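# A structural walkthrough
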Amino acid sequence: MEPPLTPRTHHMATIGFIGLGIMGRPMAENLIKTGHTLFLKSRREVPAELIAAGGTACTSAREVAERADIVITMLPDTPQVAEVLFGADGIAEGLSGSKIVIDMSSIDPIATRGFAQRINELGAAYLDAPVSGGEVGAKAGSLTIMVGGPEDAFARAKPLFEAMGKNITLVGGNGDGQTTKVANQIIVALTIEAVGEALVFASKAGADPARVREALMGGFAASRILEVHGERMVKRTFDPGFRIDLHRKDLGLALQGGRTLGVALPNTATALELFNACAANGGGDQDHSAMVRALERMAAHEIGQGK
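First, a word on what this report is: a plain description of the structure on this page. Because the structure is a prediction, the values reported are computed rather than measured.

### Describing the overall build of the protein chain
- Across its full length, the protein chain holds 14 helices and 9 strands.
- The C-alpha radius of gyration of the protein chain comes to 21 Å, within 12% of the 19 Å expected for a compact globule of 307 residues.
- Judged by the C-alpha coordinates and their principal axes, the protein chain covers about 65 × 45 × 40 Å.
- Of all 307 residues assigned to the protein chain, the portion counted as buried reaches 48%.

Pasting the structure below:
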């Protein structure tokens, strides 16, 4: 297994990063801090601090792909990824040789397989590598990264993933990273719903929801969601880590995939409708823990109000 290591002795690859929003910006920053050369492109202007740190702004996705060995995208949804990859002046037009495209957005797993095939036909490798951990994890460089794609491309990209995250898993082939992310979002949404239902019940019954949460943290119902989002529900801190509108998109992907595959996802559908109720009441920009507000409206009771 010696030979593959020779081209990588200089493993400070040149990296393209497209999409510098809430998540992309700190992720790119962590790559620059690790000593990588970054070529940057965003829908808005490239943040000044990334340029100051040594990043280079590019005028198009095509230019990024021409100048970088590995191109990372971090975009809101499937259509934006399709546009940046294959639109006019897109990544596809700038690819050559043994470059790698890594999509770290959370998008449709089935569309992802098609994107990978088109990129492979141009001679480049494709990894889908969506993340979990939100803005906090992006800043701390502690994201969970779930990857789909070939092992050799994963091995080349691993040092970059290690600059951005902690729990990094090659799940399988292209699309499997996105499938894992959808599965993650199903569990998170349903657990938020469970915690919300339990705390609304406890609060309306007259118990102190903060103490109920504390008591449950020591038992079998303990979870990261009960810990972090349960506290948000009790303290009413609904400014987003992860917006309801983005979680609605992810559950939409789950149900769309379920229909295609012939899989029933009954509670995923319920969680999406609760998020839809929040959005209809102007809460689409709030943190996904604010799903509890839909449950509170149905109970005519807000957590922490007393009976």
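### Regarding the pairing of strand β8 (residues 143–148)
- For β8, the buried fraction is high: 5 of the 6 residues fall into the buried class.
- Bridge count between strand β7 (residues 131–132) and β8: 2 bridges; the pairing is antiparallel. If you follow S132 over to β8, its bridge partner there is T144.
- Sheet topology places β8 next to strand β9 (residues 165–172); 6 bridges connect them, and they run parallel. Paired with G148 across the bridge in β9 is G172.
- In this fold, the crossover linking β8 to β9 by way of helix α8 (residues 151–164) has right-handed handedness.

### Observations concerning the pairing of strand β6 (residues 125–128)
- Taking every second residue as pointing to the same face, both faces of β6 are buried, with A125 and L127 on one and Y126 and D128 on the other.
- Relative to β6, strand β5 (residues 100–103) is paired through 4 bridges, and the arrangement is parallel. Across the sheet, D103 pairs through a bridge with D128, a residue of β6.
- Regarding topology, helix α6 (residues 109–121) serves as the crossover connection from β5 to the parallel β6, and that connection is right-handed.

### Structural notes on the pattern of salt bridges
- Taken as a whole, this structure holds 17 salt bridges when the rule is applied.
- Put simply, D89 and R62 hold a salt bridge, and the shortest N to O gap is 3.9 Å. Of the two residues, D89 is situated in the loop between α4 (78–86) and α5 (91–94) and R62 in helix α3 (residues 61–67); the sequence distance between them amounts to 27 residues.
- D89 gets classed as partly exposed once you look at its relative accessible area, which sits at 42%.
- Across the salt bridge formed by E135 and K139, the nearest N and O atoms sit 3.1 Å from each other. Of this pair, E135 and K139 both sit in helix α7 (residues 134–140), 4 residues apart, which is roughly one turn of the helix.
- Via salt bridges that share partners, R62, E66, D89 and E93 belong to a single interconnected network.

### So, α4
- Among the residues making up α4, those that are buried are T78, V81, V84 and L85. Buried residues along α4 cover an arc of 130° about the axis, so they all sit on one side. Opposite the packed face of α4, turned more than 90 degrees from it, sit the exposed residues P79 and E83.

### Some details on the nonpolar core
- Grouped together as the largest cluster of nonpolar side chains are 35 residues, with contacts concentrated most on F17, M27, I102, M104, I145, F161 and M164.
- Contributions of two or more residues to this core are made by β1 (14–18), α1 (24–33), β2 (37–41), β4 (70–73), β5, β6, β8 and α8.
- Look past the residues within four positions of M27 in its chain and what remains in contact with it is F17, M74, M104, V131, A138, L143 and M164.

### A closer look at unusual backbone geometry
- Non-glycine residue R236 carries a positive phi angle of around 65°.
- Of note, R236 is situated in the loop between α11 (224–235) and α12 (244–261).
- Judged by its relative accessible area of 25%, R236 is partly exposed.

### Considerations on the side chain of S42
- Note that S42 resides in the loop between β2 and α2 (48–52).
- Given a relative accessible area of 13%, S42 falls into the buried group.
- In terms of polar contacts, S42 uses its side chain to reach the backbone amide nitrogen of L20, at 3.1 Å.
- Discounting chain neighbours no more than four positions away, the residues touching S42 are G19 and L20.

Here is what the cut-offs are and how they apply
Residues numbered from 1 in each chain as written. Predicted model: local features only at pLDDT ≥ 70, side-chain atom pairs only at ≥ 80, totals over all residues. Heavy atoms only, no water. Helix = DSSP H or I, 4+ residues; strand = E, 2+ residues; numbered from the N terminus. Rg over C-alpha atoms; globule rule 2.2 N^0.38 Å. Buried < 20%, exposed > 50% of the residue type's maximum accessible area, 1.4 Å probe, protein only. Pairing = 2+ DSSP bridges. Right-handed = clockwise from strand over helix to strand, strands pointing away. Salt bridge = Lys/Arg side-chain N within 4 Å of Asp/Glu carboxyl O. Arc of directions from axis to C-beta. Core = buried A, V, L, I, M, F, W, Y, C linked by side-chain atoms within 4.5 Å. Contact = heavy atoms within 4.5 Å. Polar contact = N/O pair within 3.5 Å; in protein donor to acceptor, adjacent residues only side chain to side chain.

Honestly, that's just the spatial picture; any functional story needs more than this.
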